[in-house]
Amino acid sequence: MSKWQEEKAERNRQSLARLTKALPRIFPPSVLSRALSRPFVPPTPRLAIDSYWRAHPIRADRLARALAARSGAPKGWSWRLGDDRKNGLPATFRTPPAPYRERAYARGPGFCCVCGQPVYRFGWHVDLWDTGVNRNAVWHCACVIAWQFWNAPSGQARLLRRLQGRRCGETGGRLWRSAEVDHCVPLFRVWSKYRDAPWPELLDYWGLPNLQVINRDVHAAKCATEAHDRHAEPSQRNPFQG
């Protein structure tokens, strides 16, 4: 065994001891199973949960949208853009609408600023431990990963390619290495035509239902068509589009 392997084994022994000591009596079995199978065992339950959701961004996306559907939009809320970050308004339509991130509708500590649902121990979305809301948290671990996925879906291109069977979402042909992630309905059109749709149905346009991987030449042609359409709708432009 090399020196590096010995150090890795010792690190994992220490991490496993810390994790075992910190584990509550009830813990999500799928999370624990993955944590124990990692090359480097996460030393705390919170890191184990974070590692689990990072490995499953599609599950995080689906869960975050389901939790948002449970909350619904606050009364009087509408999707707006702004240049004042203190109020939590997005500066561009490319940012997913999130009413509970806005100061006027924020539910405060213990509630997720993405989906609006209570946050429990370890950033989990269900109170498995009967300890009530976690007043030190404003995000679910799953919603953190979902938010990252919505804002940068190209980071999960390999996963999306696999889900599509490595076939172009537009032509059905083989995906090349240069293939790119695309929104089926472009976000400018979501803003111009669908911004009055109920929240959180709007989140589907940032999530998996509106994402596809297409070959670069097909993407370029699609973008050219969309640019022409966008130019034909000058009345729909907004000064904060970015």
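Residues numbered from 1 in each chain as written. Predicted model: local features only at pLDDT ≥ 70, side-chain atom pairs only at ≥ 80, totals over all residues. Heavy atoms only, no water.

> Just give me the short version of the overall build of the chain, but keep the residues and values in it.
Along the chain, the regular secondary structure elements total eight helices and two strands. Listed by position from the N terminus, the elements making up the chain come as α-α-α-α-α-α-β-α-β-α. Looking at the chain residue by residue over its 242 residues, the buried ones come to 43%. In the chain, the share of contacts with a sequence separation of at least 24, taken over all contacts with a separation of at least 6, comes to 65%. For the chain, the computed accessible surface area is about 13600 Å², with 50% contributed by carbon and sulfur atoms. Averaging the locations of the 39 positively and 20 negatively charged side chains of the chain gives two centres separated by 5 Å. (Helix = DSSP H or I, 4+ residues; strand = E, 2+ residues; numbered from the N terminus. Buried < 20%, exposed > 50% of the residue type's maximum accessible area, 1.4 Å probe, protein only. Contact = heavy atoms within 4.5 Å. Areas by Shrake-Rupley, 256 points an atom, 1.4 Å probe, with all protein chains shown as cover. Lys, Arg positive; Asp, Glu negative; His and termini not counted. Charge placed at Lys NZ, Arg CZ, Asp CG, Glu CD.)

> Hey, could you go over the pattern of salt bridges for me, with residue numbers and the actual values?
Tallying each qualifying case throughout the model produces nine salt bridges. Put simply, D61 and R65 hold a salt bridge, and the shortest N to O gap is 2.9 Å. Of this pair, D61 and R65 both sit in helix α4 (residues 57-71), four residues apart, which is roughly one turn of that helix. Assessed through its relative accessible area of 14%, R65 is described here as buried. When the shortest N-O distance is used, the salt bridge between D229 and R189 registers 3.1 Å. Taken as a pair, D229 in helix α8 (residues 216-231) and R189 in helix α7 (residues 187-193) lie far apart in primary sequence, 40 residues in all. (Salt bridge = Lys/Arg side-chain N within 4 Å of Asp/Glu carboxyl O.)

> Tell me about the packing of aromatic side chains, residues and numbers included.
Overall, the coordinates contain twelve aromatic pairs when judged by the stated rule. For the pair W147 and W150, a centre-to-centre distance of 6.3 Å together with 65° between the ring planes defines the contact as edge-to-face. A residue pair is termed a helical-turn pair when its members lie 3 or 4 positions apart in one helix, as W147 and W150 do in helix α5 (residues 141-151) at three residues. Pair check on accessibility: W147 and W150 agree, each one buried. Ring pairing ties together the aromatic residues F27, F122 and W129, which thus form one cluster. Positioned above the aromatic ring of F40 is the side chain of K8, whose terminal nitrogen or guanidinium carbon lies 5.5 Å from the ring centre. When the ring centre of W191 is taken as origin, the NZ or CZ atom of R195, which lies over that ring, is 4.4 Å away. (Phe/Tyr/Trp six-rings, centres within 6.5 Å; stacked < 30°, edge-to-face > 60°. Lys NZ or Arg CZ within 6 Å of the ring centre and 35° of its normal.)

> How would you explain the nonpolar core if you had to name every residue and give the values?
In this structure, I49, W53, W79, W150 and L160 are the most contacted members of the largest nonpolar core, which totals 57 residues. Elements with a minimum of two residues in this core: α2 (29-37), α3 (45-55), α4, α5, α6 (157-163), α7 and β2 (211-214). Among the elements that make up this core, the one with the highest residue count is α5 (eight residues). With residues near it in sequence (within four places) discarded, W150 still touches D61, A64, R65, P96, V114, L203, W206 and G207. (Core = buried A, V, L, I, M, F, W, Y, C linked by side-chain atoms within 4.5 Å.)

> Could you give me a rundown of a nonpolar patch on the surface, with the residues and numbers involved?
Side chains of I26, V126 and L128 sit close together on the surface and give an oily, nonpolar patch of about 190 Å² of accessible area. With respect to the helices and strands, the residue V126 is situated in the loop between α4 and α5. The class for V126 is partly exposed, based on a relative accessible area of 38%. (Patch = residues over 30% accessible without salt bridge, like charges linked within 9 Å, V, L, I, M, F, W, Y side chains within 5 Å.)

> Hey, could you go over helix α1 (residues 3-22) for me, with residue numbers and the actual values?
Compared with an ideal rise of 1.5 Å per residue, which puts 20 residues at 28 Å, α1 spans 29 Å between its outermost C-alpha atoms and is within 8% of the ideal. By the burial criterion, the buried members of α1 are N12, S15 and L19. Axial view of α1: buried residues confined to an arc of 70°, hence all on one face. Those residues of α1 that are exposed and angled more than 90 degrees off the buried face are K3, R13, R18 and K21. The elements touched by buried residues of α1 are α2 and α3. (Expected span 1.5 Å × (residues − 1). Arc of directions from axis to C-beta.)

> Would you mind going over the side chain of Q212 in detail, with residue names and values included?
Position of Q212 relative to the elements: it lies in strand β2. Of the polar contacts made by the side chain of Q212, one reaches the side chain of E170; its length is 3.0 Å. When sequence neighbours within four positions are dropped, the list of residues in contact with Q212 reads Q164, G169, E170, E180, V181, D182, C184 and K222. (Polar contact = N/O pair within 3.5 Å; in protein donor to acceptor, adjacent residues only side chain to side chain.)

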